[in-house]
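# Structure assessment
Spelled out from the first residue to the last, the chains are:
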Amino acid sequence: MSEQSPITKAYELAREHFARDGIDTEAVLAKLDAVPVSMHCWQGDDVKGFENPDGELTGGIQVSGNYPGRARNADQLRADLDKAMSLIPGAKRLNLHALYLEADRKVERDAIEPRHFQRWVDWAKERGLGLDFNPSCFSHPKSADNRTLSHPDAGIRQFWIDHCKASRKVSEHFGRSLGKASVMNIWIPDGSKDYPFDRYGPRETLKDALDEVIAEKISTAFHYDAVESKLFGIGAEAYTVGSNEFYMGYAATRGTMLCLDAGHFHPTEVVSDKLSAVFQFVDRVLLHVSRPMRWDSDHVVLFDDELQAIANELVRGKMLDRTAIGLDYFDASINRIAAWVIGMRNMRKALMKAMLEPAAKLKAAEASGDYALRMALFEEHKTSPWGAVWDHYCESRNVPVGAAWFDIVKAYERDVLAKRES
């Protein structure tokens, strides 16, 4: 009989520890495997896309840094995605923007079709992945003044309405082709740099435009619509048309998903506290996991208190089946593949740790009013041997344990990424 590895030994002890609280770690890991996390394509190329890869970003989008190795075409980006995904355990999806179409000639955004994304569908099908989608209402001449679906010019507004309609067809194609419903999220940069006179009019226009976008019914077996709010952004510091209140009301009355982005609120607000409130009024939520640094700066997701609080709420409130989890950040100051891997692994760590909470004991303590016991259980779980369960999870899913994945990323940087900078 062969001797157990240190990882296996540690896991067996951890398994016994959690069993004393009635927690079956193998059942937890099977449950964790069933929760997909959607990885965002735009981390790999700094939100450039393939319409005009050398163009400047506009519409409240800004990426800082120029670390070598940015993907310059779809094949490079898919290779980078493959490398990152090979280092991340659990079910995964890919989130695409309309910018990432592939065509042999320029295609205007209101004319995109499913065929322009077929290579992405074929790639996803080979890997058993689901795809999500986003209309790209930024970095375009017709979004230069930070007005799209609320634009006062009917012609420009119709262009963006038609773009979103075309995007829904792409999203539906993803769902039909892959057998996994696609979530299509609408975010627009519309707003004002300084104080406007009219706040009501643009919001009324946006409401009517969105109604036109989603007028055609598409089965949720293939496609979901989501709408995303923002507090403010570059060029929209004084007024954002699509505010939290606007989209909360829209999602609740129109039956769309509500997208909550962790970086889109006041610095003292947290998404973790909003989830249980929002779910009283909307059926499904799209969660964009990001890390704001003073504002919506989209830093790489860390294993921090708010990430854990978000995961805790999803698990404690049994909200996972009603939530689509996706990451949303773009850091060009570090190795882009490492940025993907760090964020994705952290999201899964947080979900796993939440699933390992002594939920039955915590619930009983709270129900009996024993708040000292509740506090003690919370604190003890912080240093419970969940790390040994994570290491076993990675090893049993054939991905590197600990920081061993970083050596693979550095080798890929040396052999592949560095050669792109000619």
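Every chain is numbered independently, its residues counted from 1 as its sequence is written. Per-residue local features are limited, in this predicted model, to residues with pLDDT of at least 70; the limit for side-chain atom pairs, both in listing and counting, is 80 or more; totals at the level of whole chains, interfaces and linings are taken over all residues. As a rule here, side-chain values cover all heavy atoms of the structure and leave hydrogens and water aside.

The name an unreviewed UniProt entry assigns to the protein is L-rhamnose isomerase, from the organism Pleomorphomonas diazotrophica. UniProt positions are given in the numbering used here, feature names are shortened, and annotations may be inferred rather than shown by experiment. Under the Catalytic activity (unreviewed entry) heading, UniProt states for the protein: "L-rhamnopyranose = L-rhamnulose". We quote the UniProt Sequence similarities (unreviewed entry) comment for the protein here in full: "Belongs to the rhamnose isomerase family."

## Examining the overall build of the protein
Note on conventions: DSSP H or I runs of at least 4 residues are helices, E runs of at least 2 residues are strands, and numbering of each starts at the N terminus. Scanning the protein from terminus to terminus reveals 14 helices and ten strands. In terms of C-alpha radius of gyration, the protein reaches 22 Å, essentially the compact-globule figure of 22 Å for 422 residues. By principal-axis analysis of the C-alpha atoms, the protein measures approximately 70 × 55 × 40 Å. Look at the contacts in the protein between residues 6 or more apart in sequence, and 80% of them connect residues 24 or more apart. Surface accessibility of the protein: about 18,700 Å² in total, with carbon and sulfur atoms responsible for 52%. Just so you know, the count uses Lys and Arg for positive and Asp and Glu for negative, and it drops His and the chain ends. Charge positions are represented by NZ for Lys, CZ for Arg, CG for Asp and CD for Glu. A distance of 2 Å separates the average location of the 54 positive side-chain charges in the protein from that of its 63 negative side-chain charges. Only the C-alpha atoms count toward the radius of gyration. The rule for a globule is 2.2 Å times the residue count to the power 0.38. Working rule for contacts: check all heavy atoms of both residues, and any pair within 4.5 Å makes them a contact. Accessible surface is estimated by sampling points in the Shrake-Rupley manner with a 1.4 Å probe; for residues, cover comes only from the protein chains shown.

## Some words on the pairing of strand E9 (residues 285-289)
Successive residues of a regular strand alternate their side chains across the two faces of the sheet. Taken across its five residues, E9 has five buried, putting it largely inside the fold. The buried label applies to any residue whose accessible area, calculated with a 1.4 Å probe on protein chains only, is under 20% of its type's maximum; exposed applies above 50%, and partly exposed to all values in between. Every second residue of E9 is oriented toward a common face, with Val285, Leu287 and Val289 on one face and Leu286 and His288 on the other, all of them buried. As judged from the four bridges shared by strand E8 (residues 257-261) and E9, these two strands associate in the parallel manner. Within E9, the residue paired with Leu260 across the bridge is Leu287. When the strands point away from the viewer and the connection leading from the first strand across the helix to the second strand turns clockwise, the crossover is called right-handed. Between the parallel pair E8 and E9, the chain is carried across by helix H8 (residues 271-278), and the sense of this crossover is right-handed. If DSSP finds at least two bridges between two strands, the strands pair. With five bridges joining them, E9 and strand E10 (residues 323-327) adopt parallel strand pairing. Residue pairing in the sheet places Leu287 in a bridge with Ile325 of E10. As a crossover connection, the stretch from E9 through helix H9 (residues 305-316) into E10 is right-handed.

## Re the side chain of Lys92
Inspection of the secondary structure puts Lys92 in strand E2 (residues 92-97). By definition here, a salt bridge exists when the distance from a side-chain nitrogen of Lys or Arg to a carboxyl oxygen of Asp or Glu is within 4 Å. One buried charged side chain, Lys92, makes no salt bridge at all; its nearest oppositely charged neighbour is Asp33, positioned 8.0 Å away. Within the structure, the side chain of Lys92 is placed 2.7 Å from the backbone oxygen of Ile88, a separation counted as a polar contact. A polar contact of 2.7 Å, which involves the side chain of Lys92, links it to the backbone oxygen of Gly90. The contact partners of Lys92, leaving out residues within four places of it in the chain, are Val37, Met85, Leu129, Gly130 and Met344. Within 3.5 Å is the distance limit for a polar contact, defined as a pair of N or O atoms, with the added protein rule that one can donate a hydrogen and the other accept it, and that residues adjacent in sequence qualify only through two side-chain atoms.

## Side note on the pattern of salt bridges
Throughout the structure, instances matching the rule amount to 28 salt bridges. In this structure, Arg93 and Asp132 form a salt bridge, with 2.8 Å as the shortest nitrogen-oxygen distance. Residue Arg93 is located in strand E2, and its partner Asp132 is located in strand E3 (residues 130-134); the two are separated by 39 residues in the primary sequence. The partner of Arg147 in a salt bridge is Asp145, with the nearest N and O atoms 3.1 Å apart. Using a relative accessible area of 32% as the deciding quantity, one classes Arg147 as partly exposed. Several salt bridges converge on common partners, so that one network encompasses Asp75, Arg78, Glu102 and Arg119.

## Digging into the layout of surface pockets
A probe matching the size of a water molecule, rolled over the atoms, marks out where space remains unfilled. Its volume calculated, the largest pocket comes out at about 890 Å³. Definitions used throughout: a 1 Å grid over protein atoms alone; a cavity as a set of points that fits a 1.4 Å probe which cannot get out; a pocket as an open set with protein on both sides within 12 Å along at least five of seven lines; a lining residue as one with an atom within 4 Å of a point. Lining the largest pocket are 31 residues; nearest its centre among them are Leu314, Val315, Arg316, Lys318 and Met319. Listed by contribution, the elements that provide at least two residues to the lining of the largest pocket are helix H2 (25-33), H9, E10, helix H10 (336-355), helix H11 (359-367) and helix H12 (371-382). At four residues, the largest contribution of residues to the lining of the largest pocket is made by H11. Amino acid classes used here: Ala, Val, Leu, Ile, Met, Phe, Trp, Tyr, Cys and Pro are nonpolar; Asp, Glu, Lys and Arg are charged; the rest, including Gly, are polar. Here the lining of the largest pocket is built from residues that sort into 18 nonpolar, two polar and eleven charged. Grid points are joined across faces, edges and corners, and a volume is the space filled by probe spheres set on the points. Within this model, the second largest pocket holds a volume of roughly 460 Å³. Around the second largest pocket sit 28 residues that line it, and Ile61, Gln62, Asp296, Asp298 and Phe330 are the ones nearest its centre. Along the lines of polarity and charge, the residues of the lining of the second largest pocket split into ten nonpolar, eleven polar and seven charged.

## A word on helix H6 (residues 200-213)
What a helix is expected to span follows from its residue count: subtract one and scale by 1.5 Å. End to end, H6 covers 20 Å across 14 residues, agreeing with the expected 20 Å (1.5 Å per residue, within 8%). When H6 is considered as a whole, its buried residues turn out to be Gly201, Pro202, Leu206, Ala209, Leu210 and Val213. All buried residues of H6 fall inside an arc of 165 degrees around its axis, so they share one side. Taken together, the buried residues of H6 touch helix H5 (154-178), strand E4 (182-186), strand E7 (239-240) and helix H7 (244-254). By construction, the arc corresponds to the directions joining the helix axis to the C-beta atoms.

## Section: the environment of Leu57
Turning to its location among the elements, Leu57 is positioned in the loop between strand E1 (37-40) and helix H3 (74-85). Between the C-alpha atom of Leu57 and that of Val401, which follows or precedes it by 344 residues, the distance is 37 Å.

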